[in-house]
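# Report on the structure
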Amino acid sequence: MKKFLLIFVLLNINFVAMAQNLRTAGSVLTDETCEILCAAAKNKSREMGVDISFAIADPDGLPRLFRRFGDALVLSATLVPAKAYTSAVTQSPTGNLIPFVADGGDLMGMNTCDFRITLVPGGFPLFVDGKIVGAIGVGGGSKEQDLEIADHILNVFSETLSR
């Protein structure tokens with residue numbers, strides 16, 4: 001009986017922690033915040049003369065927002081949500097994963113276990129107080145263009161948090 005009670009208490013603590021994490025993520029990635037980040041993506045890409053696709057995922061990698069601006073590459077419409085998903089579930093930029101999934105890497109083969117995982121650079125996690133709250137995915141330009149746009153969006157995210 002004591003083991004049962006201990007397990008019950010531990011499960012309740014875990015559920016409470018999960019619920020608090022969901023509340024934190026939901027209070028940060030509001031519809032308004034997602035639209036601010038989307039506007040930042042659109043404005044920066046237009047300033048650079050690049051048509052992109054942009055996605056935001058929640059901490060579990062589930063979609064919060066997706067936009068394809070102008071004549072962004074059709075492939076970007078598939079890759080960009082995958083970039084956001086991958087960054088959310090791995091809590092890492094997609095471009096940083098390559099050495100870990102290569103032959104002999106600690107996560108070798110991870111990208112073959114989940115079809116949504118991509119190693120294409122352009123996905124970045126969003127953290128608040130060290131906790132994952134979501135991720136973004138940017139694609140449609142060159143690697144350098146995607147990363148410049150993503151960097152701008154991450155700066156806007158930081159500015160939005162400090163308001």
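So, a few notes on the structure that sits alongside this text. None of these values were measured; they are calculated from a predicted model.

## Things to note about the overall build of the protein chain
The number of helices and strands found in the protein chain is 6 helices and 4 strands. Order of helices (α) and strands (β) in the protein chain, N terminus to C terminus: α-α-β-β-α-α-α-β-β-α. Per-residue burial for the protein chain yields a buried fraction of 40% across its 163 residues. Sequence separation of at least 24 residues holds for 64% of the intrachain contacts in the protein chain that already meet a minimum separation of 6. Accessible surface, the protein chain as shown: approximately 9,300 Å² in total, 59% of it carbon and sulfur.

## Topic: the layout of surface pockets
The rolling of a water-molecule-sized probe over the atoms marks out the regions of remaining empty space. Volume-wise, the largest pocket comes out at about 200 Å³. Surrounding the largest pocket, 14 residues form its lining, Gly61, Pro63, Pro81, Ala82 and Tyr85 being those nearest its centre. Within the residue set of the lining of the largest pocket, elements represented by two or more residues are strand S1 (53–57), strand S2 (63–68) and helix H3 (74–90). Among the elements that make up the lining of the largest pocket, the one with the highest residue count is H3 (4 residues). In terms of residue class, the lining of the largest pocket is made up of 12 nonpolar, 1 polar and 1 charged.

## Some points on the side chain of Thr160
Tracing the chain through its elements places Thr160 in helix H6 (residues 143–161). Among the residues examined, Thr160 registers a relative accessible area of 14% and is labelled buried. For Thr160, the side chain forms a polar contact with the main-chain oxygen of Val156, separated by 2.8 Å. If near-sequence neighbours (up to four positions away) are discounted, Thr160 is found in contact with Thr33 and Ile36.

## Structural notes on the nonpolar core
Within the largest apolar cluster, 24 residues are counted, with the highest numbers of intra-cluster contacts made by Phe54, Ile136 and Ile153. Listed by contribution, the elements that provide at least two residues to this core are helix H2 (31–48), S1, strand S3 (123–128), strand S4 (131–139) and H6. By size, the runner-up hydrophobic cluster in this structure holds 6 residues, among which are Tyr85, Leu97, Met110 and Leu119.

## Regarding the packing of H2 against H6
At a minimum axis distance of 9 Å, the contact between H2 and H6 shows a crossing angle of 145°. For the pair H2 and H6, the crossing hand works out as right-handed. Across from Thr33, Ile36, Leu37, Ala40, Ala41, Lys44, Ser45 and Met48 in H2, the residues of H6 making contact are Gln145, Glu148, Ile149, His152, Ile153, Val156, Phe157 and Thr160. When its residues are assigned to classes, the contact of H2 with H6 shows 9 nonpolar, 5 polar and 2 charged.

The rules behind each value
- Residues take numbers from 1 onward in each chain, read along the sequence in its written order.
- For this predicted model, a pLDDT threshold of at least 70 governs which residues receive local features, and a threshold of 80 or more governs which side-chain atom pairs are given and counted, while totals over whole chains, interfaces and linings are taken from all residues.
- To get the side-chain values, take all heavy atoms of the structure and skip hydrogens and water.
- Helix and strand definitions follow DSSP, with helices as H or I runs of at least four residues and strands as E runs of at least two, each counted in order from the N terminus.
- Accessibility here uses a 1.4 Å probe with only protein chains present; expressed as a share of the type maximum, an area under 20% marks a residue as buried, one over 50% as exposed, and anything in between as partly exposed.
- Residue contacts follow a heavy-atom distance rule, with two residues in contact if any of their heavy atoms lie within 4.5 Å.
- Each accessible area is a Shrake-Rupley result for a 1.4 Å probe, and residues are judged covered by the shown protein chains and nothing else.
- Cavity: a set of points on a 1 Å grid over the protein atoms alone where a 1.4 Å probe fits but cannot get out. Pocket: an open set with protein on both sides within 12 Å along at least five of seven lines, its lining residues, like those of a cavity, having an atom within 4 Å of a point.
- Grid points are joined across faces, edges and corners, and a volume is the space filled by probe spheres set on the points.
- Polar here means any residue other than Ala, Val, Leu, Ile, Met, Phe, Trp, Tyr, Cys and Pro, which are nonpolar, and Asp, Glu, Lys and Arg, which are charged; Gly is therefore polar.
- Think of a polar contact as two N or O atoms within 3.5 Å of one another; within protein, one of them needs to be a possible hydrogen donor and the other a possible acceptor, and neighboring residues in sequence only count if both atoms come from side chains.
- Joining through side-chain atoms within 4.5 Å is the link that ties buried Ala, Val, Leu, Ile, Met, Phe, Trp, Tyr and Cys residues into a set, and such a set is a nonpolar core.
- To get an axis, fit a line to the C-alpha atoms, keeping to the stretch in contact for a helix; angles then go from 0 to 180 degrees between the N-to-C directions.
- For any helix crossing, the convention is left-handed if the near helix is rotated counterclockwise from the far helix by under a right angle, and right-handed if that rotation is clockwise.

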